[in-house]
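If you want the building blocks of each chain, they are given just below.
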Amino acid sequence: PPPIFLLFLLFLLLPPSPSPGPTPPVQHHFRRNVISTSRSRVGRMDPLAKDLEAGGDAKNSRKWEREFDVEVPNVAHQRHSFLNEKGEEVPMVSNIVVTSRYTWWNFFFLNLWDQFHEVSNIYFFFIGILQLFPAISTSQGVPDIYIPLSFILTVSGVRAAVDDIAKHKEDAERAARPFLVFCPDTARNKPSSTQKKLGPNVTVKAPSGYFYKPSGSLCVGDIVLINQNEVFPADILCLATAHKRGHCFVETASLDGETNLKIKESVAIVHENLPYRLIKDDEKDEMKRVADTYAAVSEVSNPLKNIRGKINFGAPDKDLERLNGVAALQIGDKGTEPSKLGGRNLLLRGTKLKNTAYIIGMVLYAGVDTKIRKNNEKKDGPAAPKKSAIFTKVNTMLLYMLSLQVFLCVLAAIYSGIWQTDNEGAKYLFLDNNAAGLASLRFFTWFIILSQLVPISLVVTSELAKKFQQMFMELDVKMWDDKKGPLKVNYGQISEDLGQIEYIFSDKTGTLTQNKMEFRLAFIGPEAYGSSETDISKRVKLKEELAKNPGKKVEKQKWTTTVRKFEEQMKATGEGINFPEEIKEEMQKMMWGKDSRDSPQAKLVRNYLTHMAISNTITPVADGENITYNSSSPDELALCNFGKHLGFTFLTRSGADGSGIVTLEEDRLGEKVNVSYRLQAVLPFDSVRKRVTVIYSDMDRKEVWIMCKGADSCVEPLIASSTDAKLAKNEKKMMDDINSKLLEASNYGLRTLLVSESKKPFSWWQGHRAAYLEAKDLQPDGKRTKAQVKDIRRAAYKKIELDAHMKLLGATAIEDQLQHLVPECIDDLLQGGIKVWMLTGDKRETAKNIAMACNLIEPDMIALRKPEDIKAAGAMAKFRINSAEALRENRLIEITGKWATLKTDTKALKKLYRMIDQNGDGHISREELYMILGVLKLPTDMQVLEDLKTADPNVITEKEFVDFVVGTDITMTKAIKEDIKAGTDRINSITDLDKYPVSMVVEGGGSDSALGKISEAPSSRVLNSSERESWFFKLFPCFKAEEKIPDLDKKQVETLLLKEEFFDLASRCKSVIACRCTPLQKAWIVEEMRERTGAVCLAIGDGGNDEPMIKKANVGVGIVGEEGSAAAQAADYAFGQFRFLHTLLFVHGAWSYERISVMVLYIFYKTAIAATIMFFFGFFSAFSGQQLFNVWIFLFYNAVFTALPIIVVAVLDQGLAAEHLEDIPKAYRSLLSRGQLFGTRIFFRWIMNAVVHTAIIFFTAFWALDSNGITFPNGQVHGLWLTSTTIYTIVVFMVSFRLTYEMNSITWMHHFFFWGSLAVYILVAIGLNVVIFNPDLFYVLFAMWRNPQAWLTSILAGSLPLLIDLAIRGIKIEFFPSYMDLLRERCVLREEYKAQETFKFAPRHARAQEKKHKEEVNRVKRNLDETKRTGTVSSPRGTQQEWVINTLLRWHDMTGAILDATEEAADHMILDGGQDSKNNKVA
């Protein structure tokens, strides 16, 4: 149709593909020479080629999937070999990444293909084909249905075109972004390509040998220059950097949300053979700094014109940290051995260069081959547009309506055939003698007439409504972030899903947290400065207060009040270090005041703050008068910023160890003094040392200052005691006090470090410097492996630290800052009936602390409490019994399976042995063992432990106990199953999960983790494959053959059932914390929950590694980072802060769900009325196909007269005001309860309502306007068209007024479009009554207006259905009110609704998908049980033994952290990013 052709013309305006730039762009196909022949063409490469292919070396022994020749100009596109996973040659791809769906040439066809996936569009296309046959057509063979269908396709196509054009523009802008490429020949031949305009009068000239090339034209082998703060356009191999050591710093916030910097390394064989030029980083003039940098780059890059060689590497994959490859490169005459490449050399697309003036690199993976794109690609091709849950159900409802239509058509055909047979004698009717043939034709005639049962305007109406909803969402100031802007809606066609969210899957870093550490407490000597109040501490204290006062109730602060107070506070104070101002002033006066500056505490404070400022690896960056710090450790950054806040500002760092100088500015009560130190050595942090030590000297090299900070378990052994007994006693007391404070701080989620120091003469350092340099420069060789070298270094560093005889200086406590109002937001989400899952890559204890701070874990879920005085008589024995009881009282379920690995840990088993040993006499009596088993509710039958062979029948030695546990057959799968069983038993023992909710922690990671094992199970799609059955079997399930049980082996079945048990348990928990999750595991969890429950899931994240999860969810939400993020681009909705989710779901989600539900049901209702009224008329027209209504006026029924009011309702209606929805989270829960707004039952209720209303209107009007009586003064009677006009008027007015019942708010817009639509009807009706071409209605309307009978009939027939509905609605609200009914009543009366706390929500109906899934699982279980009956059965005694050992090991894991702390077993503790996680385990 002509309107659709306009879409083709529209897409001619699409922006063209990115300009290829100075050199021809890399296309998808090249004519390649065979590698062997290419070598012969470049003879000088033969030596390197031979080295690369030489056998014997592990670097050269594997067959690489990819290789290309390195040369300037780049010849990789001519001489390369790229193989896919099948070993087939594949072309080199361009660097253009396309996120749009359409192009100018495929839009017309592909968009039609997409739109004809809608059942309704296919249906009306078929109706148009039927209309082509005059024998059955009601339009004389003219397919008039194609007129509205073309309009609908055009509107939908324009909407898709506008959205896709925006994506095209983004792609074009990204691909046209210029980058510097090294090629002296091109730079010389095309001088215009060596300049770039920065402004109207500002031009930057490229360094010598470089030219500007668009990002989209970059190809593999191009040597590129990336400047500081630039984003990498492809996956780049780092060849050289501005730093002398060849390292650079990269920010990966756009990928993983981490704002701390990552260190990458250059390829040593290239970097070492290029000249080094120092670049000053303190230059204030930006243009001069760029000029100096480019001058240095020109000199450094000059030798690269002679680079040649070959690079072999693996095929592109999804692993962001891995690169396997070999580079055999030489520059000029400087030959080198092949060098192995690793992930440390790869700079990923989308990351940003920071704190490094420049890097020179080579493009390795381009475009769709980059790792971030590989993580986002879909195996089955481009992902189809998401469809909301309501419109997924609409397709099924269309099938129901189609079935009803077929049924009515069959009735009409049968009635028509019977009537014709009965009236064969009426010759004047000229009836066909073939009654059966005529009945068959009538079937298709009525199929066309009753096509109104399927609403043609539904799709276009919903798209228009959602477009307006999207506009209002983006204008909502409540979701505006001052730094990151407003909410951005990337895909608004799923807005109603926001009101049906049952599961939220959230990332942690950058989503719930800011990934910024905030300094909280400074322990300096015997004093503590700061505040330990955290989100966790507030909740713990509140719970303790409620426990002491059971009758006390806490008034929950309203969300709107909380937000208002927070915004007022932010305006007053702004963001900064949350350190009490009065304490800061007190510390500064003590340090620099005349009366206190010489006190011992003042000296300790000054040393402490100096330590905070410069004892790190941070490099300060001057930005005008401001100084910013970039660091790979957020902990170090927080400590350095704290020093700056207290007046100790780290200004500069220059040079390397031994010659480097750092400058510190001390603010001495307004007087600023610069102090400089010489950096002598850095003993770095690693996962084993868990500490960093920095050694400085004064400028005159008279004294050295050793500064050490790290985990208390690793720093405390380095602290030397004084020889003086009195001093040693005081030092021990100070250490005990700090340990106690650190334990309490860690319980409140703070990350703690011990700080120690020592000052020695410079001669001391001279005696150790040689050993330090020797250890530092030690490299792996044929005699020593890499691991051995690391051990030697650690030993040398530890000897230096021990010889320093350090003294305790203090400790630090910092908090991983949550985003603003995250705990309050999550608390409301949970109250709203939404279950929140936190999926993070962090360690278990870190994740638990953040979860507790975020209200995902309640403090009273953990029953274990440490005794006040662990050393008091009998305290330890009592604690052990209490901890055993706590194991079965906890409401925090942990699924880790780690007990399977603990049973081989002899240290852990010995500690477990000591835990069971109640009297501490060094051995366990059987009475002690069975007493603990009894407390743990374990079987104490002697048969259970009969394999425990002991020399003494009454005593169990440590060795006997350890040997017994090690010999128990506990696999990881069995351990996970026991964890799940224990959790299921615990949750079954709780009668009221609303009052006593349960949370779960599950550990992910590799294949040996709990999630790793569970994810090995077959996909749920194996069970739900029949879900995608044809519509025929959905309508007629009786014809469906019996389904076969999936063909799985025994191991697959067991893992499948294990997975089902896990997800069944998880779905009953109010929150789940999955730690150490990989990006694919996150996506897998989301997909599994969608497949097995059919629930609407929302995923929210901020990094590129969250993209798979976001795309798998029904609704994807991205947090916009400071520099944007890949997650925000891939998400359906993107905003700046997590707390905006509160407004998005509770306000816009609730509104959209209610509006779209009413819109869909109402459109079905009004179309059903139009169709069924025609059917009822068929009884009076022998189902001949005679139309009741005039074709022209009937054409406007859906398109004009009843179209606009429902759009206004779908855009502006408010069930409750935004303030009430945000303050009462349970209002959202009421939307989820039993699916009371939309569902199959509600749908059929509306259809039955339409049928009843139609019957009342038609028969009342038809009989009231009986044509047998004379009703006009001139003797005329009511004819067909006067009767039909009266009925049509009644229908239009009644349908319009029926919509007012669904209006919860009325504005002037409602009035305008409501009365305006009725006015338009009257005007159009008058027009059609006076035009000559429409004789059927000529002056009929005026005759109806003159007839009192018509007026009375209209009032009676139109008001009866409305009065009946009003009565039913009143009875329902009065006697069977819903939660929303009660809320609306109270909100209208402006009363505080107290009943919301006691209202009992009806349980949600199980979905068909959920029932189907459970049935399939039960079938698999029954099949497995039958297999077991015929096979071998495990020994019950063996199962009980595994249960006993499992429970003992779980008990050990829960209590081990406290026992470590109290028994000073520091060697068993594990550091978590600078924090002692042993303390975290106390919770």
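Every value quoted in this text rests on a predicted model; they were computed, and no experiment measured them. (Residues numbered from 1 in each chain as written. Predicted model: local features only at pLDDT ≥ 70, side-chain atom pairs only at ≥ 80, totals over all residues. Heavy atoms only, no water.)

### Structural notes on the overall build of the chain
Now for step 1: Each helix and strand counted, the chain has 52 helices and 40 strands in total.
Now for step 2: Per-residue burial over the chain gives 55% buried out of 1483 residues.
Now for step 3: Considering only contacts in the chain between residues 6 or more positions apart, those separated by 24 or more positions represent 76%.
Now for step 4: Accessible surface computed for the chain: about 65900 Å², of which carbon and sulfur atoms make up 56%. (Helix = DSSP H or I, 4+ residues; strand = E, 2+ residues; numbered from the N terminus. Buried < 20%, exposed > 50% of the residue type's maximum accessible area, 1.4 Å probe, protein only. Contact = heavy atoms within 4.5 Å. Areas by Shrake-Rupley, 256 points an atom, 1.4 Å probe, with all protein chains shown as cover.)

### Quick word on the sheet that holds strand β2 (residues 80-82)
Now for step 1: Taken together, five strands build an open sheet; the order of strands is β2-β1-β11-β12-β13 and the sheet is antiparallel. The open sheet has two free edges, formed respectively by β2 and β13 (339-341), since each of these has just one partner strand. Mean inter-strand twist for the sheet, computed between neighbouring axes without regard to direction, equals 20°. (Pairing = 2+ DSSP bridges. Axes fitted to C-alpha atoms, helices over the stretch in contact; angles between N-to-C directions.)

### Here we look at the packing of aromatic side chains
Now for step 1: In total, this model carries 64 aromatic pairs according to the counting rule given.
Now for step 2: Relative to Phe107, the ring of Tyr102 lies with its centre 5.0 Å away and its plane at 85°, an arrangement referred to as edge-to-face.
Now for step 3: On the accessibility criterion, Tyr102 (6% relative accessible area) is buried.
Now for step 4: Chaining the aromatic ring pairs together yields one cluster made of Tyr415, Trp446, Phe1175, Phe1176, Phe1177, Phe1179, Phe1180, Phe1183, Phe1258, Phe1259, Phe1262 and Trp1263.
Now for step 5: Lying across the ring of Tyr1165, Arg1298 places its NZ or CZ 5.9 Å from the centre.
Now for step 6: Above the plane of the ring of Trp1246 lies Arg1298, whose end atom (NZ or CZ) is 5.0 Å from the centre. (Phe/Tyr/Trp six-rings, centres within 6.5 Å; stacked < 30°, edge-to-face > 60°. Lys NZ or Arg CZ within 6 Å of the ring centre and 35° of its normal.)

### Looking at helix α40 (residues 1191-1201)
Now for step 1: Buried residues of α40: Ile1193, Phe1194, Tyr1197, Asn1198 and Phe1201, and no others. Along the axis of α40, the buried positions cluster into a sector of 135°, meaning they face one direction only.
Now for step 2: On its buried side, α40 packs onto α39 (1140-1178), α45 (1280-1300) and α46 (1308-1330). (Arc of directions from axis to C-beta.)

### Describing the pairing of strand β1 (residues 66-71)
Now for step 1: Along β1, six of the six residues are buried, which leaves the element largely enclosed by surrounding structure.
Now for step 2: Two elements, β1 and strand β11 (residues 307-313), share six bridges in a ladder whose sense is antiparallel. Bridge pairing links Glu71 to Arg308 in β11.
Now for step 3: Relative to β2, β1 runs antiparallel, the two being bridged by three bridges. Its bridge partner being in β2, Arg66 is matched across the sheet by Phe82.

### Notes on the pairing of strand β20 (residues 527-530)
Now for step 1: Two strands pair when backbone bridges link them, and strand β19 (residues 513-524) and β20 are joined in this way by four bridges, in the antiparallel orientation. When the sheet's bridge partners are listed, Leu521 is paired in β20 with Gly530.

### Topic: the nonpolar core
Now for step 1: Ranked by size, the top nonpolar core spans 159 residues in total, and within it Leu1141 and Leu1145 carry the most contacts.
Now for step 2: With 27 residues, α39 is the single largest residue contributor to this core.
Now for step 3: If we skip the residues at most four places from it in the chain, Leu1141 touches Ile504, Leu829, Leu1098, Ile1100, Val1117 and Phe1135.
Now for step 4: Membership of the second largest hydrophobic core comes to 50 residues, among which are Phe82, Val220, Tyr294 and Val300. (Core = buried A, V, L, I, M, F, W, Y, C linked by side-chain atoms within 4.5 Å.)

All we've got here are geometric facts, nothing functional implied.
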